[in-house]
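A look at the structure
Listed below are the residues making up each chain.
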Amino acid sequence: QVQLEESGGGLVQAGGSLRLSCSASISIFSSNNMAWYRQAHGIQREFVAAISRGNITYYADSTKGRFTISRDNAKNTVYLQMNTLKLEDTAVYYCNSRDGGDISWGTYRGYWGQGTQVTVSS
């Protein structure tokens, strides 16, 4: 049984910051690629950011320069620091874990958390 749990979502004003966390129950956390996706209401889930088992990072164009993904293998946790939040960042944010050789971020493979709501207000 694989379990991912997100936390840190909430309500924030535009221009503010939030830090999301995702803890994993799997013992091979350090061998997996980790990623964040988001889904606004009625819109297809989209890639946000990822970090490989080798600590290579990937970002969507819409989040590059504002969001930072990191991981702490000792804590089996991946983070998403979100700065300069915009209204269009409002969405449910999902944590994803997949095979270390899988960098096809346009796919939806692997394991998923239940999501955490991020709402940005004016």
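From a predicted model like this one, the values you see are computed outputs, not experimental measurements.

1. Digging into the sheet that holds strand 7 (residues 67-72)
One open sheet accounts for 4 strands, arranged 1-3-8-7; its pairing is antiparallel. Two strands close off the open sheet at either side, each with one partner strand: strand 1 (4-7) and strand 7. Averaged over all adjacent pairs, the angle separating strand axes in this sheet is 15°, with direction ignored. By the bridge criterion, 6 bridges tie strand 3 (residues 18-24) to strand 8 (residues 77-82) in an arrangement that is antiparallel. Of the residues in strand 8, the one forming a bridge with arginine 19 is glutamine 81.

2. Focus on the state of the cysteines
Evaluation of the coordinates by the stated rule reveals 1 disulfide. The side chain of cysteine 22 participates in a disulfide bridge whose partner is cysteine 95; the two sulfur atoms lie 2.1 Å from each other. When the S-S torsion is -85°, as for the bridge of cysteine 22 with cysteine 95, the disulfide is left-handed. Highlighted residues: cysteine 22 in strand 3 and cysteine 95 in strand 9 (residues 91-99), separated in sequence by 73 residues. Note on accessibility: cysteine 22 and cysteine 95 belong to one class, buried.

3. Notes on the pattern of salt bridges
Within this structure, the stated rule accounts for 6 salt bridges. For glutamate 46, the salt bridge identified is with arginine 38, shortest N-O distance 2.7 Å. Using a relative accessible area of 36% as the deciding quantity, one classes glutamate 46 as partly exposed. Between arginine 66 and aspartate 89 there is a salt bridge, and its shortest N-O distance comes to 2.8 Å. You can see arginine 66 sitting in the loop between strand 6 (57-59) and strand 7 and its partner aspartate 89 sitting in the loop between strand 8 and strand 9, a full 23 residues away along the chain.

4. A word on the side chain of aspartate 89
A residue is classified by how much of its surface remains accessible, and aspartate 89, at 0% relative accessible area, is buried. A distance of 2.9 Å separates a polar atom in the side chain of aspartate 89 from a polar atom in the side chain of arginine 38. Excluding residues within four positions of it along the chain, aspartate 89 makes contact with Arg38, Arg66, Phe67, Thr84, Val118 and Val120.

Rules used in this analysis
- Residues numbered from 1 in each chain as written.
- Predicted model: local features only at pLDDT ≥ 70, side-chain atom pairs only at ≥ 80, totals over all residues.
- Heavy atoms only, no water.
- Pairing = 2+ DSSP bridges.
- Helix = DSSP H or I, 4+ residues; strand = E, 2+ residues; numbered from the N terminus.
- Axes fitted to C-alpha atoms, helices over the stretch in contact; angles between N-to-C directions.
- Disulfide = S-S within 2.5 Å.
- Buried < 20%, exposed > 50% of the residue type's maximum accessible area, 1.4 Å probe, protein only.
- Salt bridge = Lys/Arg side-chain N within 4 Å of Asp/Glu carboxyl O.
- Polar contact = N/O pair within 3.5 Å; in protein donor to acceptor, adjacent residues only side chain to side chain.
- Contact = heavy atoms within 4.5 Å.

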